[in-house]
Amino acid sequence: TRPALVSIDKARLEDVTVTVQQADRRIAGRISGMLNRIGPGQSGNVTLATRFLIEGNGIPELLGTFDLDLPVDIAADGTSITWNGLSHVLLRTSAGALDPTDPEVIRVEQALVGTYQPASRSLEAASRHAISRAGTKLGTIDVTGEMDGAARPTVTDASVTCTDVR
């Protein structure tokens with residue numbers, strides 16, 4: 001039997017705050033996200049925006065942002081799901097603004113592409129991470145993966161390639 005096909009016209013998660021504290025360490029984050037037109041025969045989008053802070057003894061150790069914009073297409077019969085989008089990450093290890101031109105801030109631009117076939121549990125995905133600091137390129141990391149769920153046992157291949165690393 002085939003799984004039931006589900007469609008989401010719009011779902012939102014707005015300004016959710018999460019805090020985890022253990023002894024002198026604290027992790028705080030704020031999350032917002034939206035699913036828009038995700039379902040069979042639709043071209044939709046997944047968006048996510050996060051802000052986070054990790055502190056030790058009240059001193060910032062790592063703060064950052066993660067923003068995702070991921071267009072998603074699902075075949076009318078649900079046999080194929082494809083995506084092609086971007087994410088942006090800003091990180092710094094000291095207090096201050098998360099300005100990408102600041103030499104204390106690391107910027108990671110990620111491109112994500114992939115296809116998933118639910119019936120065969122087959123996946124092909126690729127991700128490119130371009131890393132920079134204050135406009136200076138620090139390197140690129142490419143990650144690719146394939147999974148053939150129809151094979152027994154399931155076959156999974158992955159590769160990581162680093163280039164121009166400084």
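Our subject is the structure listed above.
Residues numbered from 1 in each chain as written. Predicted model: local features only at pLDDT ≥ 70, side-chain atom pairs only at ≥ 80, totals over all residues. Heavy atoms only, no water.

Participant: Is there a simple way to explain the overall build of the chain in this structure?
Facilitator: Across its full length, the chain holds zero helices and nine strands. For the chain, the spread of C-alpha atoms along the three principal axes comes to 55 × 40 × 30 Å. Within the chain, buried positions represent 24% of all 166 residues. Looking at the chain alone, contacts between residues at least 24 apart form 42% of all its contacts between residues at least 6 apart. For the chain, the exposed surface amounts to about 10300 Å²; the carbon and sulfur share of it is 58%. Computed over 16 positive and 20 negative side-chain charges, the inter-centroid distance for the chain is 2 Å. (Helix = DSSP H or I, 4+ residues; strand = E, 2+ residues; numbered from the N terminus. Buried < 20%, exposed > 50% of the residue type's maximum accessible area, 1.4 Å probe, protein only. Contact = heavy atoms within 4.5 Å. Areas by Shrake-Rupley, 256 points an atom, 1.4 Å probe, with all protein chains shown as cover. Lys, Arg positive; Asp, Glu negative; His and termini not counted. Charge placed at Lys NZ, Arg CZ, Asp CG, Glu CD.)

Participant: Teacher, can you tell me more about the nonpolar core here?
Facilitator: Generally speaking, a soluble globular protein has its nonpolar side chains buried in company with each other. Ile38, Leu68, Leu70, Val72, Ile74 and Leu112 together form the largest nonpolar core, which totals six residues. In terms of residues, this core owes the most to one element, strand β4 (residues 59–74), which gives four residues. Those residues in contact with Leu68 that lie beyond four places of it in its chain are Val46, Thr47, Leu48, Leu86, Ser87 and Leu112. (Core = buried A, V, L, I, M, F, W, Y, C linked by side-chain atoms within 4.5 Å.)

Participant: Explain the side chain of Thr50 here, please?
Facilitator: Among the structural elements, Thr50 can be located in strand β3 (residues 42–56). In this structure Thr50 comes out as buried when scored by relative accessible area, which is 14%. Beyond its immediate stretch of four places on either side in the chain, Thr50 contacts Arg30, Ile31, Gly64, Thr65, Phe66 and Asp67.

Participant: So what exactly am I meant to see when it comes to the sheet that holds strand β8 (residues 136–148) here?
Facilitator: Sheet strands associate in pairs through backbone hydrogen bonding, adopting either a parallel or an antiparallel arrangement. Strand order across the open sheet formed by nine strands is β1-β2-β3-β4-β5-β6-β7-β8-β9, with antiparallel pairing between neighbours. Of all strands in the sheet, those bounded by a partner on one side alone are β1 (8–22) and β9 (155–163). Neighbour-to-neighbour, the strand axes of the sheet open up by a mean angle of 10°, direction not taken into account. For strand β5 (residues 81–92) and strand β6 (residues 105–117), the ladder comprises twelve bridges, and the chain directions are antiparallel. Residue pairing in the sheet places Arg92 in a bridge with Val105 of β6. (Pairing = 2+ DSSP bridges. Axes fitted to C-alpha atoms, helices over the stretch in contact; angles between N-to-C directions.)

Participant: For this particular structure, what's the right way to read the pattern of salt bridges?
Facilitator: Side chains that differ in charge, positive against negative, can pair when their charged atoms come close. Scanning the model with the defined rule gives eight salt bridges in all. Notably, a salt bridge pairs Asp15 with Arg30, separated by 3.0 Å at the nearest N-O pair. Within this pair, whereas Asp15 is found in strand β1, its partner Arg30 is found in strand β2 (residues 25–38), the two being separated by 15 residues in sequence. Notably, a salt bridge pairs Arg26 with Glu55, separated by 3.0 Å at the nearest N-O pair. With Arg26 in strand β2 and Glu55 in strand β3, this pair connects stretches of sequence that are 29 residues apart. For Arg26, a relative accessible area of 26% translates into the label partly exposed. The exposure class of Glu55 is buried, given its relative accessible area of 14%. (Salt bridge = Lys/Arg side-chain N within 4 Å of Asp/Glu carboxyl O.)

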